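This is what each chain is made of:
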Amino acid sequence: MNTNVIEVTDLRRVYGGGFEAVRGITFSVARGEVFALLGTNGAGKTSTVELLEGLARPAGGRVRVLGHDPYEERAVVRPRTGVMLQEGGFPSELTVAETARMWAGCVSGARPPLEALELVGLARRVDVRVKQLSGGERRRLDLALALLGRPEVLFLDEPTTGLDAEGRRDTWELVRALRDGGTTVLLTTHYLEEAEGLADRLAILHEGRIAVTGTPAEVTAGQPSRISFELPEGYFVGDLPPLGELGVLGHEMDGRVVRLRTRELQRAATGVLVWAERAGVELRRLDVRSASLEEAFLGIAAAEEVTA
């Protein structure tokens, strides 16, 4: 039995005027996996997700969701999926409860509307009109409606935009619980820490193509770690141990702050700290950190710009 519930092969999307938003991408998503699509504005994230949701026909390539073409076989695929768009566009005069009941009437096997609202923390806002909700509360309502049908596959397009820190954290916990319950989740997000914390695997899109794909650890592994500190008065970079011997790939200066790049973080950090101890100096503003997804993301974008 094929464990992939989403399979995309050489997928293309072309808009009027010949603009190619998606340029032949290939990836798959396994059952019970959280997969994130990342990229700058215009990278092709939403264009890709809309093809997976069956909202448009691809210009080329092949896409299968739960073994079916989501556009040609929409009647088969749609009842088994949940979709959270960037904007819901619900009637502003309806209350939260009325909106959920209305949407439940359009969904096969819907869970009780109040249950869905409780999942996203809106149970106390059931009598509030949609127009009176904050932007973050509207995103919570969007998510509640996407969950009404107990979907096997859940598409989330920028799910935490407009949420405060608490709301974002609650949404992350809900996504993890859904994943643990067997739901497959494909999400797009601008929050790299969100992808790093939630995604089992991810793909970074750039100008309609996949620049890199893998687990967050695999994607960040190609980027160097960083050490930064403020040099004490009277000391210069040349006073440090030979940087090459510490496994340092390169360095930059910003005033008296030194930034070192290395793929051997423990070795380099130990060498710097031992030097400071022996010299009897304090390294102020000391910051030692492994490579982050943000650095990988920016590095890919910069590399693409250089080769463009």
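Values in this document were obtained by computation on a predicted structure and should not be read as measured data.

Engineer: Any details on the packing of aromatic side chains? Residues and values, ideally.
Structural biologist: Applying the stated criterion to the full structure yields three aromatic pairs. Measuring from centroid to centroid gives 6.2 Å for F90 and W103, while their planes differ by 80 degrees, and the two rings are edge-to-face. Pair noted here: F90 is in the loop between strand 5 (81-84) and helix 3 (96-104) and W103 is in helix 3, with a separation of 13 residues, a long-range link. Overall, W103 belongs to the partly exposed group, its relative accessible area being 30%. For the ring pair Y235 and W275, a centre distance of 5.7 Å and an interplane angle of 85 degrees mean the geometry is edge-to-face.

Engineer: I'd like to hear about the pattern of salt bridges, residue by residue, with values.
Structural biologist: Per the counting criterion, the structure on display carries 19 salt bridges. Across the pair E115 and R150 runs a salt bridge whose closest N-O atoms are separated by 3.7 Å. Here the residue E115 occupies a position in helix 4 (residues 113-119), and R150 occupies one in the loop between helix 5 (135-146) and strand 6 (153-157), the gap between them amounting to 35 residues. You can call E115 partly exposed: its relative accessible area is 29%. The exposure class assigned to R150 is partly exposed, which follows from its relative accessible area of 44%. Through salt bridges with shared partners, a single ionic network connects R111, E115 and R150.

Engineer: Lay out the nonpolar core in plain terms, naming residues and giving numbers.
Structural biologist: Counting 43 residues, the largest nonpolar core has L38, L117, L141, L156 and L202 as the members making the most contacts within it. Take this core: its biggest share by element is five residues, from helix 5. Not counting residues within four places of it along the chain, the set of residues in contact with L141 comprises F90, V96, T99, L117, L122, V130 and L133. Counting residues in each nonpolar core, the second largest holds 26 residues, with A21, V63, L66 and L205 among its members.

Engineer: I'd like a rundown of helix 9 (residues 265-279), residues and numbers included.
Structural biologist: Taking 1.5 Å per residue, 15 residues should reach 21 Å; helix 9 reaches 21 Å between its end C-alpha atoms and fits that length. Residues of helix 9 that are buried: L265, A268, A269, G271, V272, W275 and A276. Buried residues of helix 9, seen end-on, are gathered within an arc of 160 degrees and therefore sit on one face of the element. Across from the buried face of helix 9, at angles greater than 90 degrees, the exposed residues are Q266, E277 and R278. Where helix 9 is buried, its residues contact strand 10 (225-230), strand 11 (248-254), strand 12 (257-262) and strand 13 (284-289). Looking at the residues trailing helix 9, positive phi occurs at G280, about 70 degrees.

About the cut-offs
Residue positions are counted from 1 within each chain, in the order its sequence is given. The predicted nature of this model means local features are confined to residues of pLDDT at least 70 and side-chain atom pairs, given and counted, to a pLDDT of 80 or more, with totals for whole chains, interfaces and linings taken over all residues. Side-chain numbers here rest on the full set of heavy atoms in the structure, without hydrogens or water. The criterion for an aromatic pair is that two Phe, Tyr or Trp rings (for Trp, the six-membered ring) have centres within 6.5 Å, with stacked assigned to planes under 30 degrees apart, edge-to-face to planes over 60 apart and tilted to the rest. A run of DSSP states H or I qualifies as a helix once it reaches four residues; a run of E qualifies as a strand once it reaches two. Both are numbered from the N-terminal end. When accessible area is computed with a 1.4 Å probe and restricted to protein chains, residues below 20% of their type maximum are described as buried, those above 50% as exposed, and intermediate ones as partly exposed. Salt bridges are defined as contacts in which a side-chain nitrogen from Lys or Arg sits within 4 Å of a carboxyl oxygen from Asp or Glu. Here, nonpolar core means buried Ala, Val, Leu, Ile, Met, Phe, Trp, Tyr and Cys residues that are tied together by side-chain atoms lying within 4.5 Å of each other. We call two residues in contact when some of their heavy atoms are within 4.5 Å. To estimate how far a helix should reach, multiply one less than its number of residues by 1.5 Å. Note: the arc covers the axis-to-C-beta directions of the helix.

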